[in-house]
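Analysis of the macromolecular model
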Amino acid sequence: ALLTGGGRLHLWGWNGAGQLGREGAFLEAEADDARSSFDVVPPLGMEVAAADLGHSHTVVIERETGRVFCFGDDGRGQVSGAASSSLTSLPASSAPLTPAGLESEFFVDVAAGLFHTAGVTRNGELVTWGCGRFGQCLVPSESDDRAASSTVGRWRPPDGVGLEKVACGRRHTIALDVEGRVWSLGDNRHGQLGRRSDGGGPSREPSPVDGPLGQAGSGCFEVHCGWSHAVALVRDGIAGSVEVHGWGRADRGQLGFECEDGSVPSPTRLAAGPSGSDGGVAAVRSACCGAESTHVADSNGVVYSTGWNEHGNLGIGRAEAEDCTTWRRTSGAKAVSPPSSASKDRGLLIAAGGAHFIFAFK
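**Re the sheet that holds strand E5 (residues 68-72)**
Spatially, the 4 strands line up as an open sheet ordered E3-E4-E5-E6, and their pairing is antiparallel. On the outer flanks of this sheet lie strand E3 (48-53) and strand E6 (93-97), each paired with one strand and no other. Here the strands of the sheet are splayed against their neighbours by 15° on average, with no regard to which way each runs. Two elements, strand E4 (residues 57-62) and E5, share 5 bridges in a ladder whose sense is antiparallel.

**A closer look at the pattern of salt bridges**
Scanning the entire structure with this criterion turns up 9 salt bridges. Glu-292 serves as the salt-bridge partner of Arg-249, at 3.9 Å between the closest nitrogen and oxygen. With Arg-249 in strand E17 (residues 242-249) and Glu-292 in the loop between strand E19 (284-289) and strand E20 (293-298), this residue pair connects regions lying 43 residues apart in the sequence. The partly exposed category is assigned to Arg-249, whose relative accessible area is 22%. Among the residues examined, Glu-292 registers a relative accessible area of 7% and is labelled buried. For Glu-322, the salt bridge goes to Arg-252, with nearest N and O atoms at 2.5 Å. On the criterion of sequence distance, the pair formed by Glu-322 in the loop between strand E21 (303-308) and strand E22 (323-329) and Arg-252 in the loop between E17 and strand E18 (263-270) is long-range, its members being 70 residues apart.

**Notes on the confidence of the model for the chain**
When pLDDT is averaged across the chain, the result is 86; 81% of the residues are at 70 or more. Contacts from residues 275-282, a stretch scored under 50 in pLDDT, to residues over four places away or in other chains number 15 contacts. Segment residues 335-346 is flagged for pLDDT under 50; beyond a separation of four residues in sequence, or across chains, it makes 23 contacts in the model.

**Some details on the state of the cysteines**
According to the stated counting rule, one finds 0 disulfides in the structure shown. Free cysteine: Cys-131, not disulfide-bonded; nearest cysteine sulfur from Cys-137 at 7.0 Å. For Cys-131, a relative accessible area of 13% translates into the label buried.

**Side note on the side chain of Ser-56**
Looking at where Ser-56 falls in the secondary structure, it is placed in the loop between E3 and E4. By relative accessible area, which is 10% here, Ser-56 ends up buried. Aside from chain neighbours lying at most four places away, what touches Ser-56 is Ala-17, Gln-19, Gly-72 and Asp-73.

**Some remarks on the environment of Glu-179**
Relative to the helices and strands, Glu-179 is located in the loop between strand E12 (172-177) and strand E13 (182-186). Along the sequence, Glu-179 and Cys-220 sit 41 residues apart, while their C-alpha atoms lie 8.6 Å from each other. Look past the residues within four positions of Glu-179 in its chain and what remains in contact with it is Val-161, Gln-215, Ala-216, Gly-217 and Ser-218.

**Brief notes about the environment of Gly-226**
Here Gly-226 lies in the loop between strand E15 (220-225) and strand E16 (229-235). On the basis of relative accessible area, Gly-226 is assigned to the buried category, the value being 2%. It is 4.7 Å that separates the C-alpha atoms of Gly-226 and Ala-291, two residues lying 65 residues apart in sequence. Beyond its immediate chain neighbours, meaning those up to four positions away, Gly-226 contacts Gly-169, Arg-170, His-172, Cys-289, Gly-290 and Ala-291.

**A look at the nonpolar core**
If you look at the biggest cluster of nonpolar residues, it comprises 16 residues, and the most contacted ones within it are Leu-233, Val-244, Leu-270, Val-284 and Val-296. When residues of this core are traced back to their parent elements, those giving at least two are E16, E17, E18 and E19. Among the elements that line this core, the one with the most residues is E19, at 3 residues.

**Re the packing of aromatic side chains**
This model, assessed by the stated rule, comprises 2 aromatic pairs. The interplanar angle of 75° and the centroid separation of 6.5 Å between the aromatic rings of Phe-107 and Trp-129 together place this pair among those described as edge-to-face. Placement of the pair is Phe-107 in strand E7 (residues 107-112) and Trp-129 in strand E9 (residues 126-130), with a sequence separation of 22 residues. The exposure class assigned to Trp-129 is buried, which follows from its relative accessible area of 0%. Seen from their ring centres, Trp-155 and Trp-183 are 5.1 Å apart, and the 65° between their planes marks the pair as edge-to-face. Within this pair, whereas Trp-155 is found in strand E10 (residues 153-155), its partner Trp-183 is found in strand E13, the two being separated by 28 residues in sequence. The ring of Phe-134 has Arg-171 lying over it, and the distance from NZ or CZ to the ring centre is 4.0 Å.

Calculation notes
Residues numbered from 1 in each chain as written. Predicted model: local features only at pLDDT ≥ 70, side-chain atom pairs only at ≥ 80, totals over all residues. Heavy atoms only, no water. Pairing = 2+ DSSP bridges. Helix = DSSP H or I, 4+ residues; strand = E, 2+ residues; numbered from the N terminus. Axes fitted to C-alpha atoms, helices over the stretch in contact; angles between N-to-C directions. Salt bridge = Lys/Arg side-chain N within 4 Å of Asp/Glu carboxyl O. Buried < 20%, exposed > 50% of the residue type's maximum accessible area, 1.4 Å probe, protein only. pLDDT = per-residue confidence, 0-100. Contact = heavy atoms within 4.5 Å. Disulfide = S-S within 2.5 Å. Core = buried A, V, L, I, M, F, W, Y, C linked by side-chain atoms within 4.5 Å. Phe/Tyr/Trp six-rings, centres within 6.5 Å; stacked < 30°, edge-to-face > 60°. Lys NZ or Arg CZ within 6 Å of the ring centre and 35° of its normal.

If you want it as structure tokens, here you go:
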């Protein structure tokens, strides 16, 4: 997927459940030439402010209205917000639709997990829908008339502070509030909730992560999730530099170092840069997570990656081991000509899928 500065969302690849927002498994031109120009990939039929992709569904915020729309696989209610029974599965939808009960809500951020979806409303509420088997979704309120037929749940911190960011992993959800506190819920088998106190068990109610990131004034301004790990960007209030903190599954080098225990249950500062040098940390400007990998971009436009590399998804060469446990400089080939963008600013954009990675200058 690629979202331009003008709000055009281009989606390509497998479309078995309608997750590209149109009918058909592939575009004909895509089947003939995998390196085709973006001219053959039509944008979604609405201007988009933000978007995220799950296993086989997509969630977007409409730019003009702030409304949320979903399309693709709806087997667990991750598109419609409806509850499915063990005997029947909800049909997939290639037409963008708004989950029931959210038609009048306005959103500022959205995220898609494997089979669940989350968003933050303009008034600072966390809203989730879809699969909640592992606690990754909030429990619908009993006072809601739709509770019996809906997976939509809502929450905000007990002290009323608003939320502003959300990220979804395979079976967990992480949210960031306006005071810099990081909250998490869902599966914690690999420490991906950032709390030792949970003892690896699932949490169905959001709680702060351990340490400074769970406290107001942490400096955290961005959170990202892989399947079972998470990273946060934290700004030092005195020096102004940006640090990368990570936690969760680390058996494949997801956090940039060899981990004998296979997981890191509490947020830990990562030395994200060449050979793990602190010089890389000071220059960090953005980050993202693949399924079992992490990628960081510095202010010079250099990208460093670590973690699972079975398919060459780190961009460091196929000769490398299947797992990379140190930060390595990413390289790659120009794949396509990008669509035009309304933005004149130049800056590095990075994003990762399950087993692939893309970075581009805008």
